[in-house]
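# Summary of the model geometry
Residues per chain, in single letters:
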Amino acid sequence: MIKNSLIALFSIIQILIGSVNAQTLEIDSLEILLQKHPKRDTARVNLLNELVNELYLLDIDKAFIYAEEANEISTQIEYIKGKARSFILIGICYDEKSDYLQALKYYNYALEIYEKLNDKSGITRCYNNIGILYRYQGDYSRALEYYQKSLKIAEKFSDKIGISNSYNNIGIIYYYQDDYPKALEYFQKSLKIDEELGDKNGVSYCLNNIGMIYEHQNDYHEALKHYKESVSIKEELEMKGGMATGYYNVGTIYKNQLEYAKAYEYYQKSLAISVEIGRKSTETYSYEGLASLFLAQGNEKEAYNYSIKAYNLAREIGNAALIKESSELLAKSSSAMGNYKEAYKYHVIFKEMNDSLFNEENIQKITGLEYQYKYEKEKRETELAQQKKDAVRIEREKRQKNVRNSFIIGFILMFLLVIIVLNSLLQKRKANRILALQKEKIRERNSELFSLNEEIQSQSKKIKATNQNLRILNATKDKFFSIIAHDLRSPFNALLGFSEILLKMHKKYDNEKREEIIQSMNSSIIATFRLLENLLEWSLSQSGKIQFSPENLNLKEILHETMIGVQESANKKDIQIINTISENKIIYADKNMINTVFRNLISNAIKFTNSGQHITLSLKEQIDSRFHEIAIIDTGVGIPEDKIDDLFRIDRNTSTRGTNNEKGTGLGLIICKEFVEKHGGKIWVESEPEKGSEFHFTIPISN
């Protein structure tokens, strides 16, 4: 394989990705639009991606910044297509910097997204780009595999740009496999499509590749002609990457024609642009071209200087072919200078790299032929399958035509038969009318029976509902009379007893004894008052006369008011009440009702908590909800599991004595349930015997 042709081809395909219009005017227009659209949305992402597409051959660092911003915004706003496009462009930027590993990573990111979206155009673009990277690494078999995948999709969807790119890339693989007629065939196919599309950039690439074929065949006149036409288009489009490659190729032709002054001029142009845009691969080729030029002119020192630059840079980017070629130039220039030890050193490196590449190329050529055979076979199979489908379709249409004709004939015969039968039907019409009238009467009777049945079922449901209401009313009445007969009577009996003792014995008792009796009376009065409050609130609730007036309330202030009424009971049992609810929580509730709920639940917790323990008040903010969840948690005796379901039922007696033998009616929890549900909330209990209970309820947040 001719060295200069390999170098030119290797450089060209680095910038073969996509269709680029890098004219300065277009870039300026896009940047002005970008400045006028600071909003981080899909429109800005599309502008950024378009700018990267225009910039990467002119200002790679700026292109990187725009591409990363596009990727960041796409991720933030979940713009999947924009994200995939930015991944491709970041990969192209790494490609331009000869960082092929990073480029491959980002192409695969993009491919994963396009496959999920089933975006055939995006998948085709990724396949082509990945194939190019494998070609850079000399893995022609995998490169050909990806190009053929891309071509299949492009042909299926008549994507001319994708077909052209695939033709061009496959042609390059044939070039590397020394199949120059086949390579020229594919380059010319690609050129024809690009000319039809008016794609100047694509035309430029095809001309350059055709020039490589002529250069390899030593037809320098045709090679120079095609190279110069390609460079002229690159200059018109201001595509610096393509210009660097084109200048190098023209310089190589002039060197082969022994026009050293012109060769030096074009090599220097290529070197200057390569350094400017940071493309290390083309920079390496330029150094090699200058080294070989000076070596041909007998200037061994300059040849050595440029060779060592090429060698070091080839090592840096890890390009095996460039290492081989630069080490060969170093061996020749060192030998010409009489430095045989160094010449031997670089000759050994050259031989090792040459043998390695030779073996690898042979393997790749064989594998590539296998893939090509597989592709052609699949293509023939697809064509045969289509021919079979066409034959089946024609046969099916023929059968459908016969069926249609048969149907028409059958329809005519059926029509005649209908006319014949019609007369007979008319004779039976009178009988049918009589039958129809009889059926109608039967239907009407059935309808009446059905309506009567529905009415009976409706009355039955109403009776059941009335019975249920009566049962609840009876339970309510029994509960009410029970409280009046027993729970309300007992405290008054205690008060009468204490007052009688105090009346008769107050002179005999000392102050301490009198204070003890008065304290007992006070406790009994407080308990009786709370019972009366609950009875009043319950009776108002049952009669529907209680007013419901919700408003925004500070939860901390409501709890403070409640604590004033229950703190004395807690102090008597040495129970600490811990309030963990912050001061800025606002609820939307009826003040009197919510006070009643807190008073009953906290009093209940005090009642069933042992002396010296504590009660905790907490609030949990429910995510995506209009309610706060409030919990009153005690460390008391707990509630058996079989009793929990009866706590909020009026028809079940759930009243039990507290840890200090405190009495209750069971009415408080029923009132709590009614008042919480009045607010649209829920109330429930979680408890375990001997470990305590947690009463939870929900209340609306601020309106």
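Our subject is the structure listed above.
The paragraphs below set out a description of the structure included in this document. (Residues numbered from 1 in each chain as written. Predicted model: local features only at pLDDT ≥ 70, side-chain atom pairs only at ≥ 80, totals over all residues. Heavy atoms only, no water.)

## Observations concerning the pairing of strand β7 (residues 692-700)
Put simply, the rule reads: Here the term buried applies to any residue with accessible area under 20% of the maximum for its type, exposed to any over 50%, and partly exposed to those in between, with areas from a 1.4 Å probe on protein chains only. By the criteria applied, helices consist of DSSP H or I runs no shorter than four residues and strands consist of E runs no shorter than two, each listed in order from the N terminus. A pair of strands is considered paired only if DSSP assigns at least 2 bridges between the two.
Burial within β7 is extensive, with eight of its nine residues counted as buried. The pairing of strand β5 (residues 627-634) with β7 spans seven bridges and is classified as antiparallel. Pairing of I632 across the sheet is with F695, part of β7. Strand direction decides the pairing type here: strand β6 (residues 683-688) and β7, joined by six bridges, are antiparallel. Looking at the pairing, W684 lines up with H696 of β7. Taking the residues that link successive antiparallel strands as the turn, the β6-β7 hairpin has three residues, and the phi of E690 there is positive, at about 70°.

## What about unusual backbone geometry?
Phi at N118 is positive, roughly 55°, even though this residue is not glycine. Considering the arrangement of structural elements, one finds N118 in the loop between α6 (100-117) and α7 (120-136). The phi dihedral of E238 falls on the positive side, at around 55°, and the residue is not glycine. Note on placement: E238 falls in the loop between α12 (220-237) and α13 (240-256). Given the relative accessible area of 35%, E238 is considered partly exposed.

## Some remarks on the packing of aromatic side chains
Keep this limit in mind: Only the six-membered ring of Trp is used, alongside the rings of Phe and Tyr, when aromatic pairs are assigned; centres must lie within 6.5 Å, and planes under 30 degrees apart are stacked while those over 60 apart are edge-to-face, with the rest tilted.
This structure, assessed with the given rule, holds 22 aromatic pairs. Summarising the aromatic geometry, the rings of Y247 and Y266 are spaced 5.9 Å apart at their centres and angled 55° between planes, so their arrangement reads as tilted. Taken together, the residues Y247 in helix α13 and Y266 in helix α14 (residues 260-277) connect sequence positions 19 residues apart. Just as Y247 is buried, Y266 falls in that class too. Their ring planes at 80° and their centres at 5.3 Å tell us that Y311 and Y346 sit as a pair that is edge-to-face. Of this pair, Y311 sits in helix α16 (residues 300-317) while Y346 sits in helix α18 (residues 340-487), placing them 35 residues apart in sequence.

The analysis is restricted to geometry; functional conclusions fall outside its scope.
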